[in-house]
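Examination of the molecular architecture
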Amino acid sequence: MPSVKSDPRLRRVVIGVDTHKHVHVAVALDDIGGRLDTRSFTADRDGYRQLLEWAAGFGAKRLVFGIEGTGSYGAGLTSAVRRRGLGAVEVLRTDRRDRRLRGKSDTIDAENAARAVLNDTATAVPTTNDGTVEMLRQIKVAKDVAVKARTSAMITLKAVLVTADPELREQLQPLTKMALIHRCAGLRPGTVDSVTAATKHTLRAIARRWQHLDAEVKTHETLLGELTTRLVPQLVDAFGIGADTASEMLIVAGDNIDRVRSEPAWARLCGVAPIPASSGMTNRHRLNRGGHRQANAALYRAVIVRMRFHQPTIAYVARRTTEGKTKAEIIRCLKRLLAREIWALLRSLRTLATSTTQAA
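The following paragraphs examine the structure supplied in this document. (Residues numbered from 1 in each chain as written. Predicted model: local features only at pLDDT ≥ 70, side-chain atom pairs only at ≥ 80, totals over all residues. Heavy atoms only, no water.)

1. Brief notes about the overall build of the protein
- Each helix and strand counted, the protein has 14 helices and seven strands in total.
- Relative to the globule expectation of 21 Å for 360 residues, the C-alpha radius of gyration of the protein, 27 Å, shows a markedly less compact shape.
- Along the first, second and third principal axes, the C-alpha atoms of the protein reach 95 × 60 × 50 Å.
- For the protein, with 360 residues in total, the buried portion stands at 41%.
- Looking at the protein alone, contacts between residues at least 24 apart form 61% of all its contacts between residues at least 6 apart. (Helix = DSSP H or I, 4+ residues; strand = E, 2+ residues; numbered from the N terminus. Rg over C-alpha atoms; globule rule 2.2 N^0.38 Å. Buried < 20%, exposed > 50% of the residue type's maximum accessible area, 1.4 Å probe, protein only. Contact = heavy atoms within 4.5 Å.)

2. Brief notes about the environment of Leu-334
- Summarising the element assignment, Leu-334 is placed in helix 14 (residues 327-359).
- Along the backbone, Leu-334 and Gly-16 are 318 residues apart, and their C-alpha atoms lie at a distance of 40 Å.
- Excluding residues that lie within four positions of it along the chain, Leu-334 makes contacts with Val-303, Met-307, Thr-313, Tyr-316 and Val-317.

3. Re the sheet that holds strand 4 (residues 62-68)
- Reading across from one edge, 3-2-1-4-5 is the order of the five strands in this open sheet, with mixed pairing throughout. Bordering the open sheet on either side are strand 3 (35-42) and strand 5 (87-91), each of which pairs with just one other strand. On average, each strand axis in the sheet is inclined to that of its neighbour by 20 degrees, with strand direction left out of account.
- As paired elements, strand 1 (residues 12-18) and strand 4 share six bridges and run parallel to each other. (Pairing = 2+ DSSP bridges. Axes fitted to C-alpha atoms, helices over the stretch in contact; angles between N-to-C directions.)

4. Some details on the packing of aromatic side chains
- Scanning the entire structure with this criterion turns up three aromatic pairs.
- Three or more aromatic residues link up through ring pairs in this structure, and these residues are Phe-41, Trp-54 and Phe-58. (Phe/Tyr/Trp six-rings, centres within 6.5 Å; stacked < 30°, edge-to-face > 60°.)

5. Overview of the pairing of strand 2 (residues 23-29)
- With six of seven residues buried, strand 2 lies mostly within the body of the structure.
- Where strand 1 meets strand 2, five bridges bridge the pair, whose relative direction is antiparallel. Bridged to Val-14 within strand 2 is Leu-29.
- In this structure, the hairpin formed by strand 1 and strand 2 is closed by a connection of four residues.
- Bridge count between strand 2 and strand 3: seven bridges; the pairing is antiparallel. Among the inter-strand pairings, Ala-28 is bridged to a residue of strand 3, identified as Asp-37.
- Hairpin remark: strand 2 followed by strand 3, antiparallel, with five residues in the connecting loop; positive phi at Gly-33, about 90 degrees.

6. Describing the pattern of salt bridges
- With the rule as written, the count across this model stands at 20 salt bridges.
- For the salt bridge of Lys-140 with Asp-244, the shortest nitrogen-to-oxygen distance reads 3.9 Å. Of this pair, Lys-140 sits in helix 5 (residues 132-162) while Asp-244 sits in helix 10 (residues 242-253), placing them 104 residues apart in sequence.
- Relative accessible area serves as the criterion here: at 23%, Asp-244 is assigned to the partly exposed category.
- Among the ionic pairs, Lys-140 bridges to Glu-248, the shortest N-O distance being 3.1 Å. Of this pair, Lys-140 sits in helix 5 while Glu-248 sits in helix 10, and the two are 108 residues apart along the sequence. For the pair shown, Lys-140 and Glu-248 are each scored as buried.
- One connected set of salt bridges, linked through shared partners, spans Lys-140, Lys-143, Asp-144, Glu-221, Asp-244, Glu-248 and Arg-301. (Salt bridge = Lys/Arg side-chain N within 4 Å of Asp/Glu carboxyl O.)

7. A short note on the packing of helix 1 (residues 45-56) against helix 2 (residues 75-83)
- Axis separation between helix 1 and helix 2 bottoms out at 10 Å; the angle between their running directions is 50 degrees. Between helix 1 and helix 2, the crossing angle belongs to the class labelled oblique. Helix 2 is crossed by helix 1, and the crossing has right-handed handedness. Contact residues: helix 1 offers Tyr-48, Leu-51 and Leu-52, while helix 2 offers Gly-76, Leu-77, Ala-80 and Val-81.
- Looking at the contact of helix 1 with helix 2, its residues break down into six nonpolar, one polar and no charged. (Parallel < 35°, antiparallel > 145°, perpendicular 65-115°, else oblique. Left-handed = near helix turned anticlockwise from the far one by under 90°. Nonpolar A, V, L, I, M, F, W, Y, C, P; charged D, E, K, R; others polar.)

So this is what it looks like as structure tokens:
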């Protein structure tokens, strides 16, 4: 009697993988949900190779991988699966009710991932991480960290001023932000033998750190501008968007932008697709709290800019206000319209990616 691994009747095998920093746990299911085997593999290149060879050993005509954390611990495995020409599906974490009922372990999580693919509950295509958009994501991480540290430095600088010597405080507090930074960076504490000298030393150190971080942020912004302009110049030039918002939109879409199948799917991914919230005689929609939060925040910032300076948007706000819409409802509508506009601009990139793939 042939073993399960060499059974020629297996048409499809689904491999569910629960990913961790050092070890990945995999469970294999057949077409009807029967468990074939379970294994653990190291989270490195040798482990990926062994996992793929183990999966190929089932002799199935088609292999599909359901992987948790494709953007974090599972990124390396997802790339390895793609290089072999196999299918990879992004699987979300099991919901808490199921975990309460069935318990939780790495094996159970891996099996849940496989069943989510088998039941067509999980269908999302993972983003790739080997193109210009991944370059944007890495630079955006560096920029966001630097911006956060720069903001923290300014807050700390002003907090130190509050308890400074009155003479020093009265000289510095009335200054504007940039004048304050330049003045503090040029302080000369001399020998630190008094509280005032120590305060000057601290203010100078914080101000110079702010200047260094500001220069770093500008370097990151220049790189983001160059990459986004090269990739989607029309999106960068759109009113109120610019390189920062354009890079956020591209990061959400990923290098394989064709994975987003339609404009409504794009709106849902950005968290701006309204959700029905009707009951009985009430017919209404509410704000979608899901989706990519950074993309949603980027859309919000662009909408606020347009509400202040973009004449067509100002006219739209006035018209909707007369119709009885609240400001929050108007912003929600504008975010949805902006997502539609961005999708139209990104379609050219999607067409280019598709044609490049076909030519290759």
